[in-house]
Amino acid sequence: MTKEIVDSKQKEESEAIRIPYDLEGIDVPSLMEEIRKRAREKVEAGIYREQELSVLEESRTAGGDFKVSMDPLHELVFVTDIARQYAQVTSHYPIGARKGPLGWIFLVVKKVIRRFMTPYMDAVFQKQREFNAQVVKSLDLFAEMIKRERERNYHGGMDRYTAWEELGLGESDIPGLGEALEVFPPGEEVVELYSGRGEFLEEASRQKRSAYGVEQDSRLVRICQKKGLKVLEADPLDWLEGQEADSLSSVFVRDLGERDELRHLLFLVGALGSRMERGGIVAVLNHHPRSVLGVEEAFQDPSILRLIHPETMAALFRQAGFERLEVRPLGRFDEAKRLDWAEKLSGAGLDLGGLEDTLFAPPRYLLVARR
Amino acid sequence: MRPDTIAFVPPRYGLGLVGGAEAHTRMLAEELHRRGWAVEILTTCGVDAHSWSDTGDFRPGLEVINGITVRRFLQTGRKYTRKVYRIERRILAGKKVSLRAQEYWIYNVVSCPDLCRYMAENRDRYRAFVFIPYLFGTTYAGIKTVPERSYIIPCLHDEPYAYLEAFRRMMHSVRGIMFNTPPEEELARRIYGPDLRGKVVGGVAVTPYHADGERFRHKFSISGDIVLYAGRREIFKNTPLLIKYFCNYLENGGREAKLVLIGAGSVEIPFSFRSHIIDLGVLSERDKRDAFAAASVVCNPSVNESLSLVLMEAWMQEVPCLVHGDCAVTRYQVERSGGGLWFEDYPTFHEALETLLGNRHLRREMGRRGRVYVESHYNWDRIVQAFEEVLLEGEAAV
């Protein structure tokens, strides 16, 4: 096969090492030859340099204002390692003296002084060592608690990306996005928390509205970025808690509280209550538990754990300080879909009778909360 | 009646210990035990591969680990004096060192007279004593004590210690040598002569295992491409070289990726690169396996390998490997399997890593080839058969 591919991520297509598409026939020694050739060419062209770590470090931190943004867990592990290195306080440091005729005398004097001082210093150092050991142990325990907590929060691999992209489950056509957008005043920039694959942001873009998303799953962020949508990679709750009080005007959230643990819903609604400005609007588009068939459709997405009743959601927002609340049922089963369901159900020998209204109740609701 | 117990004699042994020879001994001993062989471990109370002190959790006496009897002995008579240090410096500098000085040095690199006494007194209870690896007082003194029943898994590297006369004599005095790979056997025959007894046994097999890379990413909060280093972090294993090359790779416009280090030992991470180099220390077996599954590339920069279990574990997760071209063994494995690339200096490291990280399809294909290679060359039936052949040849030669 003569067709060749170059990974889309390659920065300079013309410079990329060309990998035959037919990988079955790939020859590692030939690939290594090409790597060596390219390395030689780049060295000759002065494209990259190999520097000692100390030189690299100095060049990066020159000026003193170099900052490294780290994940808090990684920072904790890093500082704990440093603390561990300095925790051992001892009087047995190396003793030296200048070279010269009197050097050895100074060396002997220093050693004698240390010999006499050691019992007194060790008494002090012992307490310091014990304290340091306890501090390091506490830091280790703290890191372990965080890791354990994170591990327990893991959904066993069943997250939104897996459900939507890998298993192909979840809704492809989400009703109510246009209606949700309309509740925000024209000209206002809308923030969508947990923006996922960016369906709401796409709708906003279609309607020439300004909007950006906040999403923690880097794979979903990449999907949005490929679509040209503006998305910030961050944990939405961390991001929200990092905003100033009364600073947000328009926030949209979809499937709020339906996936994470219930406490995340409480934290998020609480944080929205303090970060939204007076008169600011939060719109929540969720699955409606009243619609029996809507519920069945909702739970086709295995990352959904529960549905939140609109009255429960309204009560939570009211408690968080939102004064004007409005719940609108959204989305209708069109005629084709109704017929499809009716056929499936009557096929099972069921007489729908007066149950139609419950079965085909709107599958979504939109909660509009004004502070 | 011939005794049938096989005694493995490593310098240290235990569940949580990090190290290739330690893992090798445990995996091989447990597999033989599963197949009904009578197996015992004779070892010291040492825990740490640097200090070798007996002050850890291991106590002298009997212990059973995963069904295998472990006899531990205290290390006595070992002195790491200035004389030992001076001799070691001379060896590493390639200077001439007398046989007496060589022995003085070896006896002070983990020495356990009680263990030797036990072997001398109980030699008739064991069919064979299998020593692993070559470079320790337990191996050298043990082989001198029971040469007629000694076998060795040398885990030999091309390093100054290997060229000592003491080890040449030791290699010729054993009943059989069990090599891990053909390059290791080649090296041994080149250094000690072609008339060595023994053959390639193949080390150990890595059975397929389930792992969840996303769980690892979630637990340790790591996103994006991961270049994984697994094993002891030390100069001997070229960890500082990997850190230096990786920092230069980022500085010279390399792809956004994280270097994740797992294993024992300490390593210095430059302050300004600490968001890209994550040191997680020693992990549980589950976390370690998940780390392999999460990795885009596994890098083993060591030039002192006789097998490299890390490559096997990576390939079982279909992850390609990047190794040092100066290591005959890892390069042989990579070349033969097609499961990765190698580097000779910084420029080739940069280009090789860039090629792997930039080509998902290539990574997948190389990972797949690696897995096929491990499954076809490293299976327990072949290894145990070769192990037994070396024992039988040794016994026939008595």
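Residues numbered from 1 in each chain as written. Chains lettered and ligands numbered in written order. Predicted model: local features only at pLDDT ≥ 70, side-chain atom pairs only at ≥ 80, totals over all residues. Heavy atoms only, no water.

A. View of the overall build of chain B. The helix and strand tally for chain B stands at 15 helices and 14 strands. Against the globule reference of 21 Å for 398 residues, chain B gives a C-alpha radius of gyration of 21 Å, in line with a compact fold. Based on the C-alpha atoms only, the size of chain B along its principal axes is roughly 60 × 45 × 40 Å. The buried share of chain B, taken over its 398 residues, is 64%. Restricting to contacts in chain B with at least 6 residues of sequence separation, those with at least 24 account for 67%. Carbon and sulfur atoms make up 50% of the accessible area of chain B, which amounts to about 14800 Å² in all. (Helix = DSSP H or I, 4+ residues; strand = E, 2+ residues; numbered from the N terminus. Rg over C-alpha atoms; globule rule 2.2 N^0.38 Å. Buried < 20%, exposed > 50% of the residue type's maximum accessible area, 1.4 Å probe, protein only. Contact = heavy atoms within 4.5 Å. Areas by Shrake-Rupley, 256 points an atom, 1.4 Å probe, with all protein chains shown as cover.)

B. Inspection of a positive patch on the surface at higher detail. There is a patch of like positive charges on the surface, built from Lys111(A), Arg82(B), Lys83(B), Arg86(B) and Arg100(B). For the positive patch, the element with the most residues is helix H2 (residues 82-92) of chain B, which contributes 3 residues. Positionally, Lys83(B) belongs in helix H2. (Patch = residues over 30% accessible without salt bridge, like charges linked within 9 Å, V, L, I, M, F, W, Y side chains within 5 Å. Salt bridge = Lys/Arg side-chain N within 4 Å of Asp/Glu carboxyl O. Lys, Arg positive; Asp, Glu negative; His and termini not counted. Charge placed at Lys NZ, Arg CZ, Asp CG, Glu CD.)

C. Quick peek at the pairing of strand E3 (residues 190-193) of chain A. All names here are of chain A. Residues Val190 and Glu192 line one face of E3 and the alternating positions Val191 and Leu193 line the opposite face, and both faces are buried. Pairing of E3 with strand E4 (residues 211-215) involves 4 bridges; the strand directions are parallel. Of the residues in E4, the one forming a bridge with Glu192 is Gly213. With respect to chirality, the unit in which E3 leads through helix H7 (residues 199-206) into the neighbouring parallel E4 is right-handed. Here E3 runs beside strand E6 (residues 248-254); their pairing, made up of 3 bridges, is parallel. Bridge pairing in E6 places Leu193 opposite Val253. (Pairing = 2+ DSSP bridges. Right-handed = clockwise from strand over helix to strand, strands pointing away.)

D. Geometry of the packing of aromatic side chains. Residue and element names in this part refer to chain B. What the rule picks out here adds up to 21 aromatic pairs over all chains. Residues Phe343 and Phe349 carry aromatic rings whose centres are separated by 5.1 Å and whose planes lie at 85° to one another, so their mutual orientation is edge-to-face. A relative accessible area of 1% places Phe343 in the buried class. Cation over ring: Arg72 sits above Phe58, and NZ or CZ is 3.7 Å from the ring centre. A cation over an aromatic ring shows up here: Lys83 above the ring of Tyr104, its NZ or CZ 4.0 Å from the ring centre. (Phe/Tyr/Trp six-rings, centres within 6.5 Å; stacked < 30°, edge-to-face > 60°. Lys NZ or Arg CZ within 6 Å of the ring centre and 35° of its normal.)

E. Broad picture of the domain arrangement of chain B. Residue and element names in this part refer to chain B. When cut into domains, chain B gives domain 1 (5-205 + 379-396) and domain 2 (213-377). A straight line from the C-alpha centre of domain 1 to that of domain 2 covers 28 Å. Each partner contributes to the interface: domain 1 provides 25 residues, whereas domain 2 provides 18 residues. Summed over both sides, the interface of domain 1 with domain 2 buries roughly 1500 Å², with 63% coming from carbon and sulfur. Taken together, the links from domain 1 to domain 2 amount to 0 salt bridges. Here domain 1 is connected to domain 2 by 4 residue pairs in polar contact (both at pLDDT 80 or more). Among the secondary structure elements, those contributing two or more residues to the side of domain 1 that touches domain 2 are helix H1 (20-34) and helix H7 (182-192). For the side of domain 1 that touches domain 2, the element with the highest residue contribution is H1, accounting for 5 residues. Considered class by class, the residues forming the side of domain 1 that touches domain 2 number 9 nonpolar, 10 polar and 6 charged. (Domains from an automatic or database assignment. Buried area = accessible area lost by both parts, 1.4 Å probe. Polar contact = N/O pair within 3.5 Å; in protein donor to acceptor, adjacent residues only side chain to side chain. Nonpolar A, V, L, I, M, F, W, Y, C, P; charged D, E, K, R; others polar.)

F. Expanded view of the packing of H1(B) against helix H15 (residues 380-396) of chain B. All names here are of chain B. At a minimum axis distance of 11 Å, the contact between H1 and H15 shows a crossing angle of 90°. With respect to H15, the element H1 is oriented roughly perpendicular. On the side of H1, the interface is formed by Met27, Leu28, Glu31 and Leu32, while H15 contributes Trp380, Ile383, Val384 and Phe387. Broken down by class, the residue content of the contact of H1 with H15 amounts to 7 nonpolar, no polar and 1 charged. (Axes fitted to C-alpha atoms, helices over the stretch in contact; angles between N-to-C directions. Parallel < 35°, antiparallel > 145°, perpendicular 65-115°, else oblique.)

G. Geometry of a nonpolar patch on the surface. On the surface, a cluster of nonpolar side chains totalling about 1200 Å² of accessible area is made up of Leu102(A), Trp104(A), Ile105(A), Phe106(A), Val108(A), Val109(A), Val112(A), Ile113(A), Phe116(A), Met117(A) and Tyr120(A). Tracing the backbone shows Phe116(A) in helix H4 (residues 103-153).

H. Geometry of the interface of chain A and chain B. With 52 residues of chain A at the interface, the matching set in chain B holds 53 residues. When chain A packs against chain B, the two sides together hide about 4900 Å² of surface, and 55% of this comes from carbon and sulfur. A per-residue breakdown of the area chain A buries against chain B is headed by Tyr48(A), Leu53(A) and Tyr154(A), which together make up 12% of the total. The interface formed by chain A and chain B includes 10 salt bridges. In this structure, Lys244(B) and Glu50(A) form a salt bridge, with 3.1 Å as the shortest nitrogen-oxygen distance. Counting the contacts that link chain A with chain B gives 19 residue pairs in polar contact (both at pLDDT 80 or more). Contributions of two or more residues to the side of chain A that touches chain B are made by helix H1 (28-44), helix H2 (53-61), helix H3 (72-87), H4 and helix H8 (218-226) of chain A. Among the elements that line the side of chain A that touches chain B, the one with the most residues is H1(A), at 9 residues. The residue inventory of the side of chain A that touches chain B, partitioned by class, reads 22 nonpolar, 10 polar and 20 charged.

I. Broad picture of the sheet that holds strand E9 (residues 364-370) of chain A. All names here are of chain A. Spatially, 7 strands are ordered E5-E4-E3-E6-E7-E9-E8 in an open sheet, and the strand pairing comes out mixed. Among the strands making up the open sheet, the edge pair consists of strand E5 (231-233) and strand E8 (324-330). With strand direction ignored, the average angle separating the axes of adjacent strands in the sheet is 20°. For E4 and E5, the ladder comprises 3 bridges, and the chain directions are parallel. Paired with Gly213 across the bridge in E5 is Val231. Seen against the sheet, H7 touches E3, E4, E5 and E6 and runs at an angle of roughly 170° to E4. Across the sheet, H8 touches E4 and E5, and the angle it forms with E5 is around 155°.

J. Region of interest: empty space enclosed by the protein. Taken as a whole and assessed by the stated rule, the structure comprises 3 cavities of 30 Å³ or more. Space inside the largest cavity adds up to approximately 70 Å³. The wall of the largest cavity is formed by Met70(A), His74(A), Val77(A), Phe78(A), Ile269(B), Arg274(B), Ile277(B), Ile278(B) and Asp279(B). Contributions of two or more residues to the lining of the largest cavity are made by H3 of chain A together with strand E11 (277-281) of chain B. Partitioning the lining of the largest cavity into residue classes produces 6 nonpolar, 1 polar and 2 charged. When its volume is computed, the second largest cavity comes out at roughly 60 Å³. (1 Å grid on protein atoms, 1.4 Å probe; cavity = no way out; pocket = protein on both sides within 12 Å on 5 of 7 lines; lining within 4 Å. Points joined across faces, edges and corners; volume = space filled by probe spheres on them.)

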